[in-house]
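# Descriptive analysis of the structure
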Amino acid sequence: MSRREVIAAGAVLVAAPFAVGKPNEAHAAPADEAVGEGPFPTRAYGAPNATGPLGPIAIERRALGPADVLLDVLYCGICHSDIHQARDEWSTWNPTKYPCVPGHEVIGRVRAVGKAVTKFRVGDVGGVGCLVDSCGTCESCVTDREQHCTKRATFTYNSPDAQSGGHTSGGYSDTMVVPEHFVIRIPPGADLAAMAPLLCAGITTFSPMQHWKLTAGQRVGVIGLGGLGHMAVKLAVARKADVTVFTTSPGKLDDAKRLGAKEAILSTDAEAMKRLAGSFELLISTVPRAFPMQAFLSVLKTDGTLVNVGAMEALEGVGGIDLVHGRKSLAGSMIGGIAETQEVIDYCVARGIKADVELIGVEDINRAYDRVVKKDVRYRFVIDMASLKGRKES
Ligand SMILES: [Zn+2]
Ligand SMILES: [Zn+2]
């Protein structure tokens, strides 16, 4: 019986041998008998307000429900969304509740499981991306698009928490309690720190390639070469697509090619933009803020699509004429459902695809934020959460 069947039937979850995949034994560690069922006092790192630096914060994770997994967080990526949220830069549509504990690229080891959990055993490694709950019954949920749940998609941080009240807190913390459905299996042998960014940056760029069916030989343009952009390049190259990177950073042109792009050009290079007119089936814009997209519509082929995954503000300067000529589409895409997130993890592990990461301690988070804003990261900061466990209680 699947989660959605359980929810649809209104069944009470009990320990039962549901048909699910094998637990992931290679990461097995001894069970911690003393852990109990919570609630769990948790050390976290978060923002007290929109302007203050992030610092240590004590939070509590709810008691383990029958379908919940308790994770000891090992690694957490730093996504540009974390910075937008911590600094309340999305106040017009998603104001930040404080204290704000960001982090939605989480890798953790299972320390305890609820009575009805079948997907994980103590000692397994699991991943948590941007979603930690949804209604399970709406049209989006029953078609594996939980991120678009029409009733109550619960995001990993700054989302109303239907189970505990208040708002959710993310992975800059030493534990998390998450329903097993929303925990992704991490296959044995994976490079755990380099897996973390796949849970947001990876799925966010993989999902549009799946939806718009990017195939070998097609031309795809990746706009912006940051955390998302560098994953987009790797994932598109793996599909044998012909990849062009558009960047505003001259220092990233060589990197784009190292990552597998056939061509890398400066977005300000009007000559190159003219030469590339009508070239691309698909463009994925990973730039984390609005920018004039008009010029990019001209490099799409007839019936091509420009997918925005980064900018949340009003999009500037898009003329209707630029869409009707060539039947072009300007589309958006947000992360991916749980099944698709599992798919990108499995896909990457099978092919040895990893994020390029710079490992840091919690004490470096504020400096890392400033460097992300200055585009000075190659290409994802990942927090080693052992550095939080090593800290004295604040
Ligand atoms: Zn993210
Ligand atoms: Zn739903």
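These lines cover the structure that appears in this document, whether it is placed above or below. Being a predicted model, the structure only gives us computed values, none of them experimental.

### Here's the deal with the coordination of the zinc ion (ligand 2)
Protein-derived coordination of the zinc ion (ligand 2) comes from C135 (SG), C138 (SG), C141 (SG) and C149 (SG), at a distance range of 2.3 to 2.4 Å. Every donor counted, the four donor atoms about the zinc ion (ligand 2) form angles of 105 to 116° at the centre, which fits tetrahedral coordination. Of note, the zinc ion (ligand 2) draws all its donor residues from one chain, in the sequence arrangement C-x2-C-x2-C-x7-C. One end of the pair, C138, is in the loop between β6 (131-133) and β7 (154-155); the other, C149, is in the loop between β6 and β7, with eleven residues separating them in the sequence. Given the relative accessible area of 11%, C149 is considered buried.

### Looking at the environment of K119
Position of K119 relative to the elements: it lies in the loop between β4 (106-113) and β5 (125-128). Given the relative accessible area of 12%, K119 is considered buried. Placed 24 residues apart in sequence, K119 and P95 show a C-alpha to C-alpha distance of 35 Å. A distance of 3.5 Å separates a polar atom in the side chain of K119 from the backbone oxygen of H181. Within the structure, the side chain of K119 is placed 2.7 Å from the backbone oxygen of V183, a separation counted as a polar contact.

### Regarding the sheet that holds strand β13 (residues 280-285)
Pairing in this open sheet of six strands is parallel, and the strands run β12-β11-β10-β13-β14-β15 from one edge to the other. Whereas interior strands pair on both sides, the edge strands pair on one side only; in this sheet they are β12 (263-266) and β15 (329-332). Pairwise comparison of adjacent strand axes, ignoring direction, gives a mean angle of 20° for this sheet. Inspection of the sheet shows strand β11 (residues 242-247) paired to β12 by four bridges, in the parallel sense. In the strand pairing of β12, F246 is matched with I265.

Each value, and the rule that gives it
- Residues numbered from 1 in each chain as written.
- Chains lettered and ligands numbered in written order.
- Predicted model: local features only at pLDDT ≥ 70, side-chain atom pairs only at ≥ 80, totals over all residues.
- Heavy atoms only, no water.
- Donors = N, O, S within 2.8 Å, 3.2 Å for Na, K, Ca; no water.
- Tetrahedral: all angles 85-135°; square planar, octahedral: opposite > 155°, others 65-115°.
- Helix = DSSP H or I, 4+ residues; strand = E, 2+ residues; numbered from the N terminus.
- Buried < 20%, exposed > 50% of the residue type's maximum accessible area, 1.4 Å probe, protein only.
- Polar contact = N/O pair within 3.5 Å; in protein donor to acceptor, adjacent residues only side chain to side chain.
- Pairing = 2+ DSSP bridges.
- Axes fitted to C-alpha atoms, helices over the stretch in contact; angles between N-to-C directions.

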